[in-house]
Structures are given as C-alpha cells and as structure tokens.
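# Fold and contact review
Given next are the chains, with one letter for each unit.
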Amino acid sequence: MLQAMRAWWANHSEREQRFMVVLGVIAFVIFLWLGVLRPIGGALSAGWERQRLALDRYASVRDKVAELRQRPAERQQADRVPLDQLVGQSAAEAGFTLDRATLQGEGRMSINMGSARVGPLLQWISTLEQAGVMVQTISIVPGAAEGTVAVQAVLEEIRP
C-alpha cells in the first residue's frame, strides 16, 4: 500500500505536489482551529463564567452570614419561644395529645404520647427540627390501637 501511494505521488507533477502539500497544511490548520482550539477556548470561557458565578454566590452567602452574626444576641433571645410552649402548641396544631411533657433543665424536655400515627408524627418532628428543636432520644413502639405508636422522646433546643 505504501508503494501504491508513492507511485500515486510520483505520477503528479512537482507543481501539483506543492499544491497538495499546501492544501494539506490548510486542512490541518482548519482542523486544529475548529476541532481543538475553539472547543478548548469555549470550555475555558464557560469554566471562568461558572467560577465567577460561584464566587458571587460565595460572597453573597458570606455577607449574609456576617450580617446574621452582627445581630444582637438579646434580639434573638427575645424572638425565641419557650421550648415547652413551642412543643405543646405545635403538638396541638398537629393533632397530638401529650400525655406527659416535663422540662429537664433549660432547653430540654421529655415528652410521652400514648397514641400517634407514624406519618403525622414524623411530620411533626420535622416541623420541630425546622423550628430549632432536635430529638435527642426517641423510643417508638407499637400502640394499643392498630396503626398507632406510643412515643417517648427527649427534645433539646438547638442553640445558636
């Protein structure tokens, strides 16, 4: 095959050979430009744009964090609802009856419920967590009625 190509090349005049070399070089340059350099340039531009957007988001978040840290602690304390009131009110809104709710020091309380449905119970716990109350310990056992559970839990306020 190599000899066939050499014979083909030799059958052309010197002027045609130079013309084919020039065309080959032009085709190679076009390939480099369109196939390599433009895609790399586009990818670099897109990467720089994504970095700029990420830095803008970072600066925005950093500014908001600094603003929140400058808030006076007294104002945050004044905005806070007592834990027993928050738990009792949210339980009533969710349709639960707390059999027992006992404060165990500041920011901590123990609760007992004799009967609760699992779905609404987990939704209520999620609501508490969004309000800044985390479940320290929880015990869920099957309840007396079918489809219900009995719950014992210790809840703790998340402090900033």
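Residues numbered from 1 in each chain as written. Predicted model: local features only at pLDDT ≥ 70, side-chain atom pairs only at ≥ 80, totals over all residues. Heavy atoms only, no water.

Under an unreviewed UniProt entry, the name given to the protein is General secretion pathway protein M, and the organism recorded is Sphingobium lignivorans. In its Sequence similarities (unreviewed entry) section, the UniProt entry covering the protein states "Belongs to the GSP M family." Looking at the protein in UniProt, the text filed under Subcellular location (unreviewed entry) is "Cell inner membrane". (UniProt positions renumbered as here; feature names shortened; annotations may be inferred.)

Looking now at the overall build of the protein. Of regular secondary structure, the protein possesses five helices and four strands. Overall, the protein shows an N-to-C arrangement of helices and strands of α-α-α-α-β-β-α-β-β. Taking 160 residues into account, the globule formula puts the C-alpha radius of gyration at 15 Å, and the protein, at 36 Å, lies well above it. Projected onto its principal axes, the C-alpha positions of the protein cover 105 × 50 × 20 Å. (Helix = DSSP H or I, 4+ residues; strand = E, 2+ residues; numbered from the N terminus. Rg over C-alpha atoms; globule rule 2.2 N^0.38 Å.)

One pass over the full model with this rule turns up four salt bridges. Across the pair E14 and R18 runs a salt bridge, and its minimum N-O distance is 3.5 Å. Here R18 and E14 lie together in helix α2 (residues 14–70), a separation of four residues that amounts to about one turn. Each member of the pair, E14 as well as R18, is classed as exposed. Between E156 and R108 there is a salt bridge, with its nearest N and O atoms 3.2 Å apart. Of this pair, E156 sits in strand β4 (residues 148–157) while R108 is found in strand β2 (residues 108–117), placing the two residues 48 residues apart along the sequence. Judged by relative accessible area, which is 29%, R108 ranks as partly exposed. (Salt bridge = Lys/Arg side-chain N within 4 Å of Asp/Glu carboxyl O. Buried < 20%, exposed > 50% of the residue type's maximum accessible area, 1.4 Å probe, protein only.)

A separate point is the side chain of S110. Along the chain, the position of S110 falls in strand β2. According to the relative accessible area criterion, S110 is buried, its value standing at 7%. A polar contact is formed between the side chain of S110 and the side chain of R100, at a distance of 3.5 Å. Setting aside residues up to four positions removed in sequence, S110 forms contacts with R100, A101, T102, Q104, A153 and V154. (Polar contact = N/O pair within 3.5 Å; in protein donor to acceptor, adjacent residues only side chain to side chain. Contact = heavy atoms within 4.5 Å.)

A word on the sheet that holds β2. If you trace the four strands from one edge of the open sheet to the other, you get β1-β2-β4-β3, paired in antiparallel fashion. Sheet topology places β1 (100–103) and β3 (133–142) at the edges, where each strand pairs with a single neighbour. Ignoring which end each strand starts from, the neighbouring axes of this sheet average 15 degrees apart. In the sheet, β2 pairs with β4 via eight bridges, with the strands oriented antiparallel. Bridged to A116 within β4 is V149. The sheet contacts of helix α5 (residues 118–130) involve β2, β3 and β4, and relative to β2 the element is tilted by about 155 degrees. (Pairing = 2+ DSSP bridges. Axes fitted to C-alpha atoms, helices over the stretch in contact; angles between N-to-C directions.)

Spanning 13 residues, α5 covers 18 Å between terminal C-alpha atoms, matching the ideal 18 Å at 1.5 Å per step. Just beyond α5, the residue with positive phi is G132, at close to 100 degrees. (Expected span 1.5 Å × (residues − 1).)

This brings us to the packing of aromatic side chains. Enumeration over the complete set of coordinates arrives at two aromatic pairs. A centroid spacing of 6.4 Å and a plane angle of 45 degrees characterise the contact between W8 and W9, whose relative ring orientation is tilted. (Phe/Tyr/Trp six-rings, centres within 6.5 Å; stacked < 30°, edge-to-face > 60°.)

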